[in-house]
Amino acid sequence: MTTIDAQATVTPLEFAVTKNLNAATPARIAEVLANPGFGTVFTDHMVDICWSVNGGWHRPRVQPYGPIALDPAASVLHYGQEIFEGIKAYRHADDSVHTFRPDRNAARLQASARRLALPELPTEYFIESLRQLVSIDERWVPSGDDQSLYLRPFMFAKEAFLGVRAAQKVAYYVIASPAGAYFTGGVKPVRIWLSEEYARAGEGGTGKAKTGGNYASSLLPQAEAYAKGCDQVVFLNEHRDVEELGGMNVVFVFKDGRIVTPESDSILEGITRDSLLQLAEDRGYTVEKRVISIDEWRQGVASGDIVEVFACGTAAVVTPIGALVGEGFDEAQPLGELALSLREELTDIQYGRREDRHGWLVQLA
Ligand code: PLP
Ligand code: COI
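Worth saying up front: this structure is predicted, and the values here are computed from it rather than measured. In this convention, every chain numbers its residues from 1, walking through the sequence in written order. Think of it this way: whatever chain is written first is A, whatever ligand is written first is 1, and the rest follow in order. Thresholds applied to this predicted model are a pLDDT of at least 70 for local features of residues and 80 or more for the giving and counting of side-chain atom pairs; totals over whole chains, interfaces and linings are not thresholded and use all residues. Only heavy atoms go into the side-chain values, all of them from the structure, while hydrogens and water stay out.

A short note on a nonpolar patch on the surface
Inference 1: Two distance rules govern patches: like charges are joined within 9 Å, and nonpolar side chains (Val, Leu, Ile, Met, Phe, Trp, Tyr) within 5 Å, applied only to residues with over 30% relative accessible area and no salt bridge. Only the protein chains shown count as cover for residues, and the accessible areas themselves come from Shrake-Rupley with a 1.4 Å probe. By convention in these notes, a salt bridge is any Lys or Arg side-chain nitrogen within 4 Å of a carboxyl oxygen on Asp or Glu. A grouping of Ile68, Leu70 and Leu77 is seen on the molecular surface, where their side chains present a nonpolar patch of about 240 Å² in accessible area.
Inference 2: Position of leucine 77 relative to the elements: it lies in helix H2 (residues 76-79).
Inference 3: Judged by its relative accessible area of 52%, leucine 77 is exposed. For the purposes of this entry, the term helix denotes a DSSP run of H or I that reaches at least four residues, the term strand denotes a run of E that reaches at least two, and both are numbered from the N terminus. We call a residue buried when its accessible area falls under 20% of the maximum for its residue type, exposed when it is over 50%, and partly exposed in between, using a 1.4 Å probe and counting protein chains only.

Below, the structure written as structure tokens:
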């Protein structure tokens, strides 16, 4: 058993640890890590913490990975009261394991919780939950190029109650999965389908929160994207302003050195995006978070004002956008150097190959 930092401003949690007696063999782990893919194989353990109206956060555990017993009336299954995060653990050359800006993911989980009427998990508990899982499952953290252990913290309403109100019993879990490239084929420019028929989120909706419903609503347009030979879908809002992709933010590089990314109350505030924009500012670029319409995008590319467009997120890191495809058009996007150069700088920091001058890394093991 271990406790979280005694200096924490919240009561330290003491995790009860039950080891998995059927843990994967070294040979099985080596086989998975040789080609991890994304999100298909999970480590030997998971973390969970319970919450109830009366008891607050309690019963923190590390236990063998496995199915969760849920009452069929658990309100998450009916009303989708659920939120999640995505964050990675990176192995450094000295074998230590670090994660990237976990305070930001903790804060975003808290913001998502407020929007979905779920309890806020204190930052200290969030970071400690990652540390618990990564330390017990450390042998699952890969060391190959661009590989990592993808951590998926999530929280859901488990109270068995069909009335429509915020649940009084909630579960928080963290699971982990070794990850290679998110897109099969590695870092190559992706084709993006412009969804004109479907929106991901609306004004006043849940677009800013990381909640399952936003992803559920993206599945049909995403299937449409695949059918059109594209890798991802880009969504607009009701004013035809660019929002984001199904699971990534979008960034535009202008000829004059400005970097523009959509500002909106209905998109997810990406931590990868924020970090890349900081690195770009450090290099002297001017960053603008503002509304950018689909017309400005298409005209900017046609006139040569926009010289690069890329997508970014934890799972996919940085991926150049090579084509914008919509009903009746298929427009090649200009490819430049900046997306890949920022990707290299960011991953160098994450993997400990370059100085972490902003203090973004937190050691987990
Ligand atoms: N937008 C959406 C819809 C996402 O799912 C993600 C991925 O988490 C992002 C943006 C990028 O966020 P981050 O860089 O924090 O992973
Ligand atoms: C992430 O990048 O962590 C995400 O959550 C995107 C995803 C839907 C896999």
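Quick word on the nonpolar core
For soluble globular proteins, the rule of thumb is that nonpolar side chains tend to be buried together.
Inference 1: Among buried residues, the Ala, Val, Leu, Ile, Met, Phe, Trp, Tyr and Cys ones that are joined through side-chain atoms within 4.5 Å form a nonpolar core. Leu121, Leu151, Met155 and Tyr172 are the most contacted members of the largest nonpolar core, which has 39 residues in total.
Inference 2: Contacts were defined at the residue level, with two residues in contact if any of their heavy atoms lie within 4.5 Å. Excluding residues within four positions of it along the chain, tyrosine 172 makes contact with Val47, Asp48, Ile49, Trp57, Leu109, Leu121, Phe126, Ser129, Pro153, Phe154 and Met155.
Inference 3: In this structure, Ile192, Leu236, Ile292 and Val309 belong to the second largest nonpolar core, which totals 23 residues.

Details of the domain arrangement of the chain
Inference 1: Where each domain starts and ends comes from a domain assignment, either automatic or drawn from a database. Splitting the chain by domain gives domain 1 (16-179) and domain 2 (190-347).
Inference 2: A straight line from the C-alpha centre of domain 1 to that of domain 2 covers 27 Å.
Inference 3: Carbon and sulfur atoms make up 55% of the surface buried where domain 1 meets domain 2, a total of about 1,500 Å² over both sides.
Inference 4: On the domain 1 side of the contact with domain 2, Phe84, Arg108 and Arg115 bury the most area, a combined 36% of that side's loss.
Inference 5: On inspection of domain 1 and its partner domain 2, the count reaches three salt bridges.
Inference 6: Counting of polar contacts relies on pairs of N or O atoms within 3.5 Å, with two restrictions inside protein: one atom must be capable of donating a hydrogen and the other of accepting it, and residues adjacent in sequence are counted only when both atoms are side-chain atoms. There are 12 residue pairs in polar contact (both at pLDDT 80 or more) connecting domain 1 and domain 2.
Inference 7: Looking at the side of domain 1 that touches domain 2, the element that brings in the most residues is helix H3 (residues 102-115), giving five residues. As a working definition, buried area equals the accessible area (1.4 Å probe) given up by two parts on being put together, with both sides summed.

Points about the pairing of strand E15 (residues 306-313)
Inference 1: Counting buried residues along E15, seven of its eight residues qualify, which places the element largely inside the surrounding structure.
Inference 2: Bridging between E15 and strand E16 (residues 317-326) involves four bridges; their strand directions are antiparallel. In the sheet register, glycine 313 faces E16, and the bridge partner there is valine 317.
Inference 3: Strand pairing is assigned whenever DSSP identifies at least 2 bridges connecting the two strands. Here E15 hands over to E16 after three residues, the two strands then running antiparallel side by side.

Points about the layout of surface pockets
Inference 1: Cavity: a set of points on a 1 Å grid over the protein atoms alone where a 1.4 Å probe fits but cannot get out. Pocket: an open set with protein on both sides within 12 Å along at least five of seven lines, its lining residues, like those of a cavity, having an atom within 4 Å of a point. Grid points are joined across faces, edges and corners, and a volume is the space filled by probe spheres set on the points. For the largest pocket, the calculated volume is near 780 Å³.
Inference 2: Contributing to the lining of the largest pocket are 41 residues, with Tyr182, Tyr215, Gln232, Gly247 and Ala315 lying nearest its centre.
Inference 3: Top contributing element to the lining of the largest pocket by residue count: helix H5 (residues 212-227), with five residues.
Inference 4: Grouping the amino acids of the lining of the largest pocket by side-chain chemistry returns 20 nonpolar, 14 polar and seven charged.
Inference 5: Residue contributions to the lining of the largest pocket reach at least three from each of two domains, namely domain 1 (16-179) and domain 2 (190-347).
Inference 6: Computed from the structure, the second largest pocket encloses a volume of approximately 230 Å³.
Inference 7: Around the second largest pocket, the lining is made up of 13 residues, and of these Ala107, Arg108, Ala111, Lys208 and Glu269 lie nearest the centre.
Inference 8: Mapped by element, the contributors of at least two residues to the lining of the second largest pocket are H3 and helix H6 (271-282).
Inference 9: Looking at the lining of the second largest pocket element by element, the count peaks at six residues for H3.
Inference 10: Of the residues belonging to the lining of the second largest pocket, the class tally is five nonpolar, two polar and six charged. Amino acids outside the nonpolar list (Ala, Val, Leu, Ile, Met, Phe, Trp, Tyr, Cys, Pro) and the charged list (Asp, Glu, Lys, Arg) are all regarded as polar, and Gly is one of them.

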